[in-house]
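Notes for the structure review
Next come the chains, spelled out residue by residue.
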Amino acid sequence: MAWFKVLFPPLDRLIESLPRRGGTILTWCLVVFMAVNMIVSSAALIRYDARLEGVAAQTSLDTLLDEHFDDSYMQRVYPKLVHMN
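Residues numbered from 1 in each chain as written. Predicted model: local features only at pLDDT ≥ 70, side-chain atom pairs only at ≥ 80, totals over all residues. Heavy atoms only, no water.

A word on helix 2 (residues 20–52). If you check helix 2, its first and last C-alpha atoms are 48 Å apart, about what 33 residues at 1.5 Å a residue would give, namely 48 Å. Along helix 2, the residues classified as buried are Gly23, Ala44, Arg47, Tyr48, Ala50 and Arg51. At the exit of helix 2 stands Gly54, carrying a positive phi of roughly 85°. (Helix = DSSP H or I, 4+ residues; strand = E, 2+ residues; numbered from the N terminus. Expected span 1.5 Å × (residues − 1). Buried < 20%, exposed > 50% of the residue type's maximum accessible area, 1.4 Å probe, protein only.)

As structure tokens, this is what we get:
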């Protein structure tokens, strides 16, 4: 209830005050960002699972994911996954 009564009205006014063209560009930028974020997160999780199963990196993408999303990073970002394995 607090969201609709207190927080939403000012946010709605801010969104409505954006120029139409600027709002469209901002929306598409956010859509592309979120799509890329989901793809990278999915790839990192798939590679993490493969590492847990002992599969060595076979492609340059696997190597890149291993370097940037190592086990300690994945355990910190996704702590509940540690308990699942």
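A cluster of nonpolar side chains, contributed by Trp3, Phe4, Val6, Leu7, Phe8, Leu11, Leu14 and Ile15, occupies part of the molecular surface with about 790 Å² of accessible area. As for its position among the elements, Phe4 is in helix 1 (residues 2–17). By relative accessible area, Phe4 is classed as exposed at 57%. (Patch = residues over 30% accessible without salt bridge, like charges linked within 9 Å, V, L, I, M, F, W, Y side chains within 5 Å. Areas by Shrake-Rupley, 256 points an atom, 1.4 Å probe, with all protein chains shown as cover. Salt bridge = Lys/Arg side-chain N within 4 Å of Asp/Glu carboxyl O.)

What follows concerns the nonpolar core. Of all hydrophobic cores here, the largest spans 5 residues; its members are Ala44, Tyr48, Leu65, Phe69 and Met74. Not counting residues up to four positions away in its chain, the partners in contact with Ala44 are Leu65, Phe69 and Met74. (Core = buried A, V, L, I, M, F, W, Y, C linked by side-chain atoms within 4.5 Å. Contact = heavy atoms within 4.5 Å.)

Right, let's talk about the side chain of Arg51 for a bit. The topology assignment puts Arg51 in helix 2. Residue classification places Arg51 among the buried residues on the basis of a relative accessible area of 18%. Beyond its immediate sequence surroundings of up to four residues, Arg51 is in contact with Leu65, Asp66, Phe69, Asp70, Asp71 and Met74.

It is worth spelling out the side chain of Asp62 at this point. Checked against the element boundaries, Asp62 lands in helix 3 (residues 60–68). Despite its burial, Asp62 remains without a salt bridge, the nearest opposite charge being carried by Arg47 at 4.4 Å. Those residues in contact with Asp62, other than ones at most four positions away along the chain, are Arg47 and Ala57. (Lys, Arg positive; Asp, Glu negative; His and termini not counted.)

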